[in-house]
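What follows is the residue order along each chain.
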Amino acid sequence: MKCVKCDGILERIESEGIELDKCPKCSGIWFDFNELKEVLELKDISDFADEVKEQESSELDDKKGHCPRCGGNGNLTPVYNTEHDIHIDTCSVCYGKWLDGGELVALKKNKLWKTIKSFFI
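Conventions used here
- Residues numbered from 1 in each chain as written.
- Predicted model: local features only at pLDDT ≥ 70, side-chain atom pairs only at ≥ 80, totals over all residues.
- Heavy atoms only, no water.
- Helix = DSSP H or I, 4+ residues; strand = E, 2+ residues; numbered from the N terminus.
- Buried < 20%, exposed > 50% of the residue type's maximum accessible area, 1.4 Å probe, protein only.
- Contact = heavy atoms within 4.5 Å.
- Core = buried A, V, L, I, M, F, W, Y, C linked by side-chain atoms within 4.5 Å.
- Salt bridge = Lys/Arg side-chain N within 4 Å of Asp/Glu carboxyl O.
- Patch = residues over 30% accessible without salt bridge, like charges linked within 9 Å, V, L, I, M, F, W, Y side chains within 5 Å.
- Areas by Shrake-Rupley, 256 points an atom, 1.4 Å probe, with all protein chains shown as cover.
- Lys, Arg positive; Asp, Glu negative; His and termini not counted.
- Charge placed at Lys NZ, Arg CZ, Asp CG, Glu CD.

1. What to know about the overall build of the protein chain
Helix and strand counts for the protein chain stand at four helices and six strands. Helices (α) and strands (β) of the protein chain occur, in sequence order from the N terminus, as β-β-β-α-α-β-β-β-α-α. Out of the 121 residues in the protein chain, the part that is buried amounts to 49%. Long-range contacts, defined here as pairs at least 24 residues apart, represent 54% of the contacts in the protein chain between residues at least 6 apart.

2. Describing the nonpolar core
With 18 residues, the main nonpolar core has Leu20, Phe31, Val39, Phe48, Leu99 and Leu104 as its most contacted residues. Those elements that provide at least two residues to this core are strand E2 (18–22), strand E3 (29–31), helix H1 (35–40), strand E5 (86–91) and helix H3 (103–110). When near neighbours in sequence (up to four residues on either side) are disregarded, phenylalanine 31 contacts Leu20, Leu36, Val39, Gly96, Lys97, Leu99 and Leu104. Counting 12 residues, the second largest nonpolar core, distinct from the first, contains Cys3, Cys6, Leu10 and Cys67.

3. Digging into unusual backbone geometry
Positive phi, close to 80 degrees, is recorded for asparagine 34, a residue that is not glycine. One non-glycine residue, tyrosine 95, lies in positive phi territory at about 65 degrees. With respect to the secondary-structure elements, tyrosine 95 resides in the loop between E5 and strand E6 (97–99).

4. Considerations on the pattern of salt bridges
Going through the model one piece at a time under the given rule, you end up with seven salt bridges. Between lysine 5 and aspartate 100 there is a salt bridge whose closest N-O contact spans 3.4 Å. Separated by 95 residues along the polypeptide, lysine 5 in the segment before strand E1 (11–15) and aspartate 100 in the loop between E6 and H3 bring together distant segments of the chain. There is no split in this pair, since lysine 5 and aspartate 100 are both buried. Among the salt bridges present, the one from aspartate 21 reaches arginine 12, with a minimum N-O distance of 2.9 Å.

5. Description of a negative patch on the surface
On the surface, Glu14, Glu16, Asp44 and Asp47 cluster together to form a negatively charged patch. Locating aspartate 47 in the fold gives a position in the loop between H1 and helix H2 (54–61).

Purely spatial values, then, with no claim about function.
Structure follows, in structure tokens:
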């Protein structure tokens, strides 16, 4: 699958029985339905996430994307958390989610996922 935000090709990564698609170029991660919840419930997410320089991530934050799972038929709608500058791009067709590089770490560090779990995941 093509990356949602850059010209990279998503690669499958697996840990603890969860398979995700991650871009080796921008570190963005695609989550199929319910995978984000599963990953955020793990104690250790280091197999999936890495820190990204703020400048690299912010350049891609505002870029609109198409769902890689729906073959471009689903437009991703960004849902913002301005307090922590996290954008969860969500497909309205398959309910997949995209996090730009560094956002998974930020979600886990700030324990935001517990607050937003009820309406995002």
